[in-house]
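Reading the structure
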Amino acid sequence: MGYNVEKSDEQWRAELSPEEYAVLREAGTERAFTGEYTDTETKGVYSCKACQAKLFESDTKFHSGCGWPSFYQPISDTIEYIEDKSHGMDRVEVRCANCGSHLGHVFPDGYGTPTGDRFCINSISISLAPSDEA
């Protein structure tokens, strides 16, 4: 898929920390319960750490207990969905539709949410602009 933001591997490495690069560009995962936004309740908009595309509004964030920030719905057309059969699992990877960076996975177990989905997102993949700045 062609993306609005396309950069060489060298450009991504220069712009992202090694930890950010490992998750965003190599589909890594941060350890559970260690991310900056796991328990954050600040109102605002979450954007892709790599390209700043707006991805999720804080009103769709919920506490799932999974160890990563969870959202039940992205901002319209901001997410790319990719079948992921790695590690012996059958999952759906979610990437930023603007730059192709790995964000996390979506699961159909967000029971009690309006959509029934749980977008399990790595904190290191996103940044939060609080409402007064959003």
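Calculation criteria
Residues numbered from 1 in each chain as written. Predicted model: local features only at pLDDT ≥ 70, side-chain atom pairs only at ≥ 80, totals over all residues. Heavy atoms only, no water. Helix = DSSP H or I, 4+ residues; strand = E, 2+ residues; numbered from the N terminus. Rg over C-alpha atoms; globule rule 2.2 N^0.38 Å. Buried < 20%, exposed > 50% of the residue type's maximum accessible area, 1.4 Å probe, protein only. Contact = heavy atoms within 4.5 Å. Areas by Shrake-Rupley, 256 points an atom, 1.4 Å probe, with all protein chains shown as cover. Lys, Arg positive; Asp, Glu negative; His and termini not counted. Charge placed at Lys NZ, Arg CZ, Asp CG, Glu CD. Salt bridge = Lys/Arg side-chain N within 4 Å of Asp/Glu carboxyl O. Polar contact = N/O pair within 3.5 Å; in protein donor to acceptor, adjacent residues only side chain to side chain. Pairing = 2+ DSSP bridges. Axes fitted to C-alpha atoms, helices over the stretch in contact; angles between N-to-C directions. UniProt positions renumbered as here; feature names shortened; annotations may be inferred.

The next point concerns the overall build of the protein chain. For the protein chain, the count of helices and strands is two helices and nine strands. The linear arrangement of helices and strands in the protein chain, starting from the amino end, is α-α-β-β-β-β-β-β-β-β-β. The C-alpha atoms of the protein chain give 14 Å as radius of gyration, which agrees with the globular expectation for 134 residues (14 Å, within 12%). When its C-alpha atoms are laid out on the principal axes, the protein chain stretches across 40 × 40 × 30 Å. Burial analysis of the protein chain (134 residues in total) assigns 49% to the buried set. Long-range contacts, defined here as pairs at least 24 residues apart, represent 52% of the contacts in the protein chain between residues at least 6 apart. For the protein chain, the accessible area works out to roughly 7200 Å², and carbon and sulfur atoms hold 47% of it. Considering the protein chain, the positive charge centre built from 12 side chains and the negative charge centre built from 23 side chains are found 2 Å apart.

If you trace the backbone, Lys61 turns up in strand E3 (residues 61-62). As a buried residue without a salt bridge, Lys61 has its nearest oppositely charged side chain in Asp39, at a separation of 6.3 Å. A distance of 3.0 Å separates a polar atom in the side chain of Lys61 from the backbone oxygen of Tyr37. Polar contacts involving the side chain of Lys61 include one to the main-chain carbonyl oxygen of Thr38, which spans 3.4 Å. In contact with Lys61, other than residues within four places in its own chain, are Tyr37, Thr38, Asp39, Thr40, Tyr46, Pro69, Ser70 and Phe71.

Another aspect to go through is the sheet that holds strand E9 (residues 126-130). Across the sheet, which stays open at both edges, the three strands sit in the order E2-E1-E9 with antiparallel pairing between neighbours. Of all strands in the sheet, those bounded by a partner on one side alone are strand E2 (54-57) and E9. Taking each pair of neighbouring strands and ignoring which way they run, the sheet shows an average axis angle of 30°. In terms of strand pairing, strand E1 (residues 44-48) meets E2 through three bridges, oriented antiparallel. Bridge pairing in E2 links Ser47 to Lys54.

Next up on the list: the sheet that holds E3. Spatially, six strands are ordered E3-E4-E8-E7-E6-E5 in an open sheet, and the strand pairing comes out antiparallel. Two strands close off the open sheet at either side, each with one partner strand: E3 and strand E5 (79-84). Of the strand pairs in this sheet, strand E6 (residues 91-96) and strand E7 (residues 102-110) are connected by four bridges, and their pairing is antiparallel. Bridge pairing links Arg95 to His102 in E7.

Below, the discussion takes up the side chain of Glu93. By secondary structure assignment, the location of Glu93 is in strand E6. Residue classification places Glu93 among the buried residues on the basis of a relative accessible area of 7%. Within the structure, the side chain of Glu93 is placed 3.0 Å from the side chain of Arg95, a separation counted as a polar contact. Only 2.8 Å separates the side chain of Glu93 from the side chain of His102, close enough to count as a polar contact. Apart from residues lying up to four places away in sequence, Glu93 is in contact with Ala27, Glu80, Tyr81, Ile82, Asp84, His102, Gly104 and His105.

This part is about the UniProt feature "domain: MsrB" (unreviewed entry) in the protein chain. UniProt records the feature "domain: MsrB" (unreviewed entry) for residues 9-131 in the present numbering. With 11% helix and 37% strand, residues 9-131 has its two end C-alpha atoms placed 33 Å apart.

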